[in-house]
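A look at the structure
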Amino acid sequence: MKDEESGNRLGSYLRARRELVSPAQAGLPPGGNRRVPGLRREEVALLAGISPDYYLRLERGRDRNPSPQVLEALARVLRLDDVERAYLLGLAATRPRTPRRKRPEHVPARVHELLAHLQLPAFVEGRAFDVLASNPMAVALSPRLRPGRNRLRSLLLDPEEQAFHQDWETATADFVAALRTTIGDDTDDPRFVELVGELALSSQQFRTLWARHDVRTLGGGTTTVHHPVVGELRLHRDKLPIDDVILVVYYPDRGSDSDEKLQLLAALAHPGPVATGPDRTRDG
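Read on for an overview of the structure. Keep in mind the model is a prediction, meaning the values are calculated, not measured.

Moving on to the environment of Val111. Checked against the element boundaries, Val111 lands in helix H6 (residues 109-117). Exposure remark for Val111: the relative accessible area of 2% places this residue in the buried category. Considering only alpha carbons, one finds Val111 and Ala133, 22 residues apart in sequence, at a separation of 9.0 Å. Those residues in contact with Val111 that sit more than four places away from it in its chain are Val124 and Ile242.

Pairing between sheet strands relies on hydrogen bonds along the backbone, with the strands arranged either parallel or antiparallel. Strand order in the open sheet made by the five strands is E2-E1-E5-E4-E3, with antiparallel pairing throughout. Looking at which strands have only one partner, the edges of the open sheet turn out to be strand E2 (131-134) and strand E3 (221-227). On average, each strand axis in the sheet is inclined to that of its neighbour by 30 degrees, with strand direction left out of account. As paired strands, strand E1 (residues 122-125) and E2 are joined by three bridges and run antiparallel to one another. Each residue of the ladder has a partner; that of Phe123, found in E2, is Ser134. In the packing of H6 onto the sheet, the strands contacted are E1, E2, strand E4 (231-242) and strand E5 (245-251), and the crossing angle to E1 comes to about 155 degrees. Along the sheet, helix H13 (residues 257-268) makes contact with E3 and E4, crossing E4 at roughly 80 degrees.

All right, on to the nonpolar core then. Counting 25 residues, the largest nonpolar core has Tyr13, Leu14, Val44, Ile50, Tyr55, Leu74 and Leu88 as its most contacted members. Looking at this core, the elements that each hand over two or more residues are helix H1 (9-18), helix H2 (41-48), helix H3 (52-59), helix H4 (68-77) and helix H5 (82-92). If you tally residues by element for this core, the top one is H4, at six residues. Not counting residues up to four positions away in its chain, the partners in contact with Leu14 are Tyr55, Leu58, Glu59, Leu74, Leu78 and Leu88. Grouped together as the second largest cluster of nonpolar side chains are 21 residues, Ala128, Leu155, Val196 and Leu209 included.

The next point concerns the packing of aromatic side chains. Taken as a whole and judged by the stated rule, the model has four aromatic pairs. Arranged with centres 5.0 Å apart and planes meeting at 65 degrees, the rings of Tyr13 and Tyr87 form a pair that is edge-to-face. With Tyr13 in helix H1 and Tyr87 in helix H5, this pair connects stretches of sequence that are 74 residues apart. For Tyr13, a relative accessible area of 1% corresponds to the buried category.

Attention now moves to helix H11 (residues 190-202). Taking 1.5 Å of rise per residue, 13 residues should cover 18 Å, and H11 covers 18 Å from first to last C-alpha, within 8% of that figure. Restricting attention to buried positions, one finds in H11 the residues Arg191, Phe192, Leu195, Val196 and Leu199. Looking straight down H11, one finds its buried side chains confined to an arc of 115 degrees; they lie on one side. Residues of H11 that are exposed and point more than 90 degrees away from the buried face comprise Pro190 and Leu201. Looking at the buried side of H11, the elements it contacts are helix H8 (151-157), helix H10 (168-183) and helix H12 (204-212). At the N-terminal boundary of H11, the capping side chain belongs to Asp189, with an oxygen 2.9 Å from the backbone nitrogen of Arg191.

The next subject is unusual backbone geometry. A positive phi angle is found at Phe129, which is not glycine, with a value near 70 degrees. Mapped onto the secondary structure, Phe129 falls in the loop between E1 and E2. In the Ramachandran plot, His213 falls in the positive-phi region, its phi being about 60 degrees despite a non-glycine side chain. The residue His213 is located in the loop between H12 and E3 in this model. Look at His213 and you get buried, because its relative accessible area is 2%.

Thresholds applied
- Residues numbered from 1 in each chain as written.
- Predicted model: local features only at pLDDT ≥ 70, side-chain atom pairs only at ≥ 80, totals over all residues.
- Heavy atoms only, no water.
- Helix = DSSP H or I, 4+ residues; strand = E, 2+ residues; numbered from the N terminus.
- Buried < 20%, exposed > 50% of the residue type's maximum accessible area, 1.4 Å probe, protein only.
- Contact = heavy atoms within 4.5 Å.
- Pairing = 2+ DSSP bridges.
- Axes fitted to C-alpha atoms, helices over the stretch in contact; angles between N-to-C directions.
- Core = buried A, V, L, I, M, F, W, Y, C linked by side-chain atoms within 4.5 Å.
- Phe/Tyr/Trp six-rings, centres within 6.5 Å; stacked < 30°, edge-to-face > 60°.
- Expected span 1.5 Å × (residues − 1).
- Arc of directions from axis to C-beta.
- Polar contact = N/O pair within 3.5 Å; in protein donor to acceptor, adjacent residues only side chain to side chain.

So this is what it looks like as structure tokens:
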């Protein structure tokens, strides 16, 4: 992946994170004439108990093997949560990079059968949020959940998908951070290179969020969406790993207003074969 972090991912991450920590959050006086957002390099070094020169070498990629103790101290100063801390430790891990054969993402036959039987919106996504298979209820919930669509691309570039989410900005930030977490050190994967390159060219929102270097896991949760026919729906989301893909299921609280609306949506959904499609297609 030919971006700002290709040669010095640890330094890029440290720089991005220190710019997000205010002096007040670090217990420092704000001071005047601050030329950089967040903390200065020397302030991070002081708070972490390391020399400014050593911290500068870390950011500039001249030292790529800091001790776990140094990384833990930096994680504390930069106010990293558990996911971000693990990501930082992973960036500094010394792992040999060996060429890996990229296997196409495959939806097992039994998962197609499961989708056909589920009476809830359900679909299968790949590592880059490509929709690999879906059932009619998923498509009735959102046409952007058809096979061949990409959920992050839709979220950033499709006005209908943006209107669909009650909190579009949070959803977008979560997806971008989850993509960076998923990529990890697999920065040469062609699909990731393609997607990040496309979104970096076409979306200012993506460029802004990508530059923050946020990392996050995007698992289960609850979301509120605005369906153009049945109105507001409050749905829970579960993500279930199956082999190399993820089964995503949305469901309401039983007996709730959203439950009734989802049943109405099911009655309105056009009957037909399960929209499973090919294992790996692209947006047109």
